[in-house]
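# Coordinate analysis (summary)
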Amino acid sequence: MDFTLPESALAVQRGIADICSRYDLDYWQRCEAEKRWPEEVWADLAKGGWLGLAVPEEYGGGGQGLLELAVATETLSASGSAGGSAFTYVLTPGFGAMTLARHGTARQRAELLPGLATGEIETCFALTEPDAGSNALGISTFARRDGDEFVVRGQKIWITGVQRATWMLLVTRTVPAAEARPRTHGMTVLLVNVPEAVAAGQLSFQPIPKMGANTTPSNMVFIDDLRVPAANVVGEVDQGAVVLWDILNPERILLAASALGGAEVALKVAVQYAREREVFGRPIGANQAIAFPLAQVKAKIELARLMLYKAAWLFDREQPCGTEANIAKLTASQAAWEAADHAFQTHGGMAYSLEYPVARLLADARIGKVAPVTEELLLNYLATQVLGLPRSF
């Protein structure tokens, strides 16, 4: 067994760290406060070719895998962006480039992958619905075939990045959930040109006010007789579940990487404060009540990282990775929350001050325990699918 990262991943780590060294915690605080996309970081990532990691070389990309994307996400997150970094590498390199490289048609790959490699084309992913929530198979957004097009009606919720997206990967039902046998049958993934659909009045969106990760808005999306060419199907009609798993597993792995980086930066902030803050004539970090919880967080970060890299490694080798992706997401999110919570406690009353980044780190860390899948559903998967315990429904 070899636990050394390959040179390709180490090169990514060095390259992203070099870019991140130009942007401190205050920069990320301003982006969050101003609710703006980190344009400067995005431009530097694009200029360095770091957005095209997952795009095959023949389309102008780096030809790398999910492991390299995870390392990039973790490095960016640990630099200070925390949860905000997830959207940088999930929305376009993850949802767009990786999905199309695996499942896109020759035309789709030729038309979109070069732009995805440079960042000129951006993507978002629309699955979650108000009445379905985490029950992805129970969505009701329906795509009806009409000649060479599909006509789509429905709603989506918590769809991040619509404002910037050129294309949306839209998950629909082409067989109603109640009629699908098996339950995974009858799902179809469509590529939607967002600006064209908005201009035609067939797609609209409304931002959702939220407590964190405000560098990218999340939205309610309304789909009203949206017409999509049949040539824009990703994968096969009614067999979209195959594509969906290759979206959801990378999403969980990349969000785990973002959570892990968030845990690292929260721990760093806590340790620095514990070294410098003196009470009763000594640094508060000398007290075991402060030091031991931070040491526990460090151990949990290292354990979560092992599963994160294993899950990405398995995905890149097209081996089953669902269990590993779920465990990585679960443990990294728990480490992020504990790190942020202990950073908050270490700072005491000063954690409430926006002069410090602790409140932002806490809000970002809390996301991972509920999105894109709740901690309870991850545990239910492990209980029923891995341990073989009886299902509760």
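Our subject is the structure listed above.
Below, the structure is looked at part by part. (Residues numbered from 1 in each chain as written. Predicted model: local features only at pLDDT ≥ 70, side-chain atom pairs only at ≥ 80, totals over all residues. Heavy atoms only, no water.)

## Let's talk about the packing of aromatic side chains
Two descriptors summarise a pair of aromatic rings, namely the distance from one centre to the other and the angle between the planes of the rings. Under the convention used in this document: Here a Phe, Tyr or Trp ring, Trp counted by its six-membered ring, pairs with any other such ring whose centre lies within 6.5 Å, and the pair is stacked when the planes are under 30 degrees apart, edge-to-face when over 60, and tilted otherwise. Working definition: with a 1.4 Å probe on protein chains only, accessible area under 20% of the residue-type maximum means buried, over 50% means exposed, and in between means partly exposed. Each helix is a run of DSSP H or I of at least 4 residues and each strand a run of E of at least 2, with the numbering of both proceeding from the N terminus. A positively charged side chain is recorded as over a ring if its NZ (Lys) or CZ (Arg) lies within 6 Å of the ring centre. The angle to the ring normal must also be within 35 degrees.
Scanning the model with the defined rule gives six aromatic pairs in all. Relative to tyrosine 27, the ring of tyrosine 23 lies with its centre 4.8 Å away and its plane at 50 degrees, an arrangement referred to as tilted. A relative accessible area of 14% means that tyrosine 23 is categorised as buried. Ring geometry for phenylalanine 95 against phenylalanine 125: centres 4.8 Å apart, planes inclined by 45 degrees, an arrangement best described as tilted. Note that phenylalanine 95 is positioned in helix 5 (residues 84–103) and phenylalanine 125 in strand 1 (residues 123–126), a separation of 30 residues in sequence. Overall, the relative accessible area of 8% leaves phenylalanine 125 in the buried class. The ring of phenylalanine 315 has arginine 102 lying over it, and the distance from NZ or CZ to the ring centre is 3.9 Å. When the ring centre of tryptophan 337 is taken as origin, the NZ or CZ atom of arginine 366, which lies over that ring, is 5.4 Å away.

## Quick word on the packing of helix 10 (residues 322–347) against helix 12 (residues 375–386)
Two quantities define a packed helix pair, namely the angle between the helix axes and the distance between the axes. The condition that has to hold: Fitted lines through C-alpha atoms give the axes, limited to the stretch in contact for helices. The angle between two N-to-C directions lies from 0 to 180 degrees. Crossings are assigned a handedness: left-handed for a near helix turned anticlockwise from the far helix by less than a right angle, right-handed for a clockwise turn. Contacts are residue-level and defined by heavy atoms, with any inter-residue pair within 4.5 Å sufficient. Ten residues, namely Ala, Val, Leu, Ile, Met, Phe, Trp, Tyr, Cys and Pro, are considered nonpolar, four, namely Asp, Glu, Lys and Arg, are considered charged, and the remaining ones, Gly among them, are considered polar.
Here helix 10 crosses helix 12 at 140 degrees, and the two axes come no closer than 10 Å. Note that helix 10 runs across helix 12; the crossing there is left-handed. On the side of helix 10, the interface is formed by Gly322, Thr323, Asn326, Ile327, Lys329, Leu330 and Gln334, while helix 12 contributes Glu375, Leu378, Leu379, Tyr381, Leu382 and Val386. In terms of residue class, the contact of helix 10 with helix 12 is built from seven nonpolar, four polar and two charged.

## Looking at the state of the cysteines
Going by this rule: Disulfides are defined in this document as cysteine sulfur pairs within 2.5 Å.
Evaluation of the coordinates by the stated rule reveals zero disulfides. The thiol sulfur of cysteine 20 is not disulfide-bonded, and the nearest other cysteine sulfur, from cysteine 31, lies at 12 Å.

## Some thoughts on the pattern of salt bridges
Note that side chains of opposite charge can pair when their charged atoms are close. Note the following rule: Between Lys or Arg on one side and Asp or Glu on the other, a salt bridge is scored when a side-chain nitrogen of the former is within 4 Å of a carboxyl oxygen of the latter.
Across all of its chains, the model carries 20 salt bridges by this definition. Residue arginine 22 is joined to aspartate 44 by a salt bridge in which the shortest nitrogen-to-oxygen separation is 3.1 Å. Taken as a pair, arginine 22 in the loop between helix 1 (7–20) and helix 2 (25–34) and aspartate 44 in helix 3 (residues 39–47) lie far apart in primary sequence, 22 residues in all. By relative accessible area, which is 48% here, arginine 22 ends up partly exposed. With its nearest N and O atoms 2.8 Å apart, the salt bridge here joins arginine 153 to aspartate 224. In this pair, arginine 153 is assigned in strand 3 (residues 149–160) and aspartate 224 in strand 7 (residues 218–229), connecting sequence segments 71 residues apart. What makes arginine 153 partly exposed here is its relative accessible area of 45%.

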